[in-house]
Amino acid sequence: MVRAGLSRAQVCTAALELADEAGIGHVTMTAVARRLGVAVPSLYEHVRGMPDLLDAVGALATHELAGLLGEALQGRSGRAALIAYGTAYRDWVVAHPGRYAATVRPLSDPDGAAAQARIVAGCAALLRGYGLSDTRATDAVRFVYSTMHGFTHLETDGGFHHARRLDASWALVLEAIDRALSTWPVP
């Protein structure tokens, strides 16, 4: 059952694929080993255990999302940046719900924490197009993130039980965020 040439990247990729297919809660050393056709002890040559695997998977997924969101912001500001950012965010979360779940947990991996900081910095850059900075931007980042996270979390968990198309609701959510940011209160 040993497979020559197995790498940490292959172990993490297998875990990411499993997370998207079955959910992050189903990513176990046994499930990853089975997917790769190796014995569980073989994985310990590449990861120190589940915490290390989840950190590595979280870091990879967070880098992937941070890069995508950064690309969405390129050359845009204000409403156009918000729409591009929100669309990229939702599309990625819906396509990769397991990877997304790996990004929202605290990451002790310095590389993963740096990627999480890139996402926050990207959102803060988006907010500069609305004239928001410092404390106002911190509060606005929390507003934008919690709104987008809440919607996509409910969407991927099947939590919306209404015939109205989710795309139509998402467009209105982005419009509401735009209006909120345009009239953000001064503390």
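Fair warning: this is a prediction, and the values are worked out from it, not measured in the lab.

## Some remarks on the packing of helix α7 (residues 110-128) against helix α8 (residues 134-156)
Then, number 1: Direction vectors running N to C along α7 and α8 enclose 110 degrees, while the axes themselves pass 10 Å from each other. It follows from the interaxial angle that α7 and α8 lie roughly perpendicular. Here Val120, Cys123, Ala124 and Leu127 of α7 come into contact with α8, specifically with Ala137, Ala140, Val141 and Val144.
Then, number 2: Broken down by class, the residue content of the contact of α7 with α8 amounts to eight nonpolar, no polar and no charged.

## Side note on the side chain of Asp20
Then, number 1: With respect to the secondary-structure elements, Asp20 resides in helix α1 (residues 8-22).
Then, number 2: For Asp20, the side chain forms a polar contact with the side chain of Arg99, separated by 2.6 Å.
Then, number 3: If near-sequence neighbours (up to four positions away) are discounted, Asp20 is found in contact with His96, Pro97, Gly98 and Arg99.

## Re unusual backbone geometry
Then, number 1: In this model, Asp134 sits at a positive phi of 55 degrees, which is unusual for a non-glycine residue.
Then, number 2: With respect to the helices, strands and loops of the structure, Asp134 is situated in helix α8.
Then, number 3: Judged by relative accessible area, Asp134 falls into the exposed class, the value being 66%.

## Some remarks on the confidence of the model for the chain
Then, number 1: A residue-level look at the chain finds 98% of positions with pLDDT of 70 or above and a mean pLDDT of 93.
Then, number 2: Mean pLDDT in the chain bottoms out at α7, which sits at 91, and peaks at helix α2 (residues 29-36), which reaches 98.

## Topic: the packing of aromatic side chains
Then, number 1: Considering all chains together, one arrives at four aromatic pairs under this definition.
Then, number 2: On the basis of an interplanar angle of 45 degrees and a centroid distance of 4.9 Å, the ring pair of Phe151 and Phe160 is categorised as tilted.
Then, number 3: For the ring pair Phe151 and Trp170, a centre distance of 4.9 Å and an interplane angle of 55 degrees mean the geometry is tilted. Of this pair, Phe151 sits in helix α8 while Trp170 is found in helix α9 (residues 166-182), placing the two residues 19 residues apart along the sequence.
Then, number 4: Of the residues examined, Phe151 reaches a relative accessible area of 8% and is grouped as buried.
Then, number 5: Clustering of aromatic rings is evident, with ring pairs tying together Phe151, Phe160 and Trp170.

Parameters at a glance
- Residues numbered from 1 in each chain as written.
- Predicted model: local features only at pLDDT ≥ 70, side-chain atom pairs only at ≥ 80, totals over all residues.
- Heavy atoms only, no water.
- Axes fitted to C-alpha atoms, helices over the stretch in contact; angles between N-to-C directions.
- Helix = DSSP H or I, 4+ residues; strand = E, 2+ residues; numbered from the N terminus.
- Parallel < 35°, antiparallel > 145°, perpendicular 65-115°, else oblique.
- Contact = heavy atoms within 4.5 Å.
- Nonpolar A, V, L, I, M, F, W, Y, C, P; charged D, E, K, R; others polar.
- Polar contact = N/O pair within 3.5 Å; in protein donor to acceptor, adjacent residues only side chain to side chain.
- Buried < 20%, exposed > 50% of the residue type's maximum accessible area, 1.4 Å probe, protein only.
- pLDDT = per-residue confidence, 0-100.
- Phe/Tyr/Trp six-rings, centres within 6.5 Å; stacked < 30°, edge-to-face > 60°.

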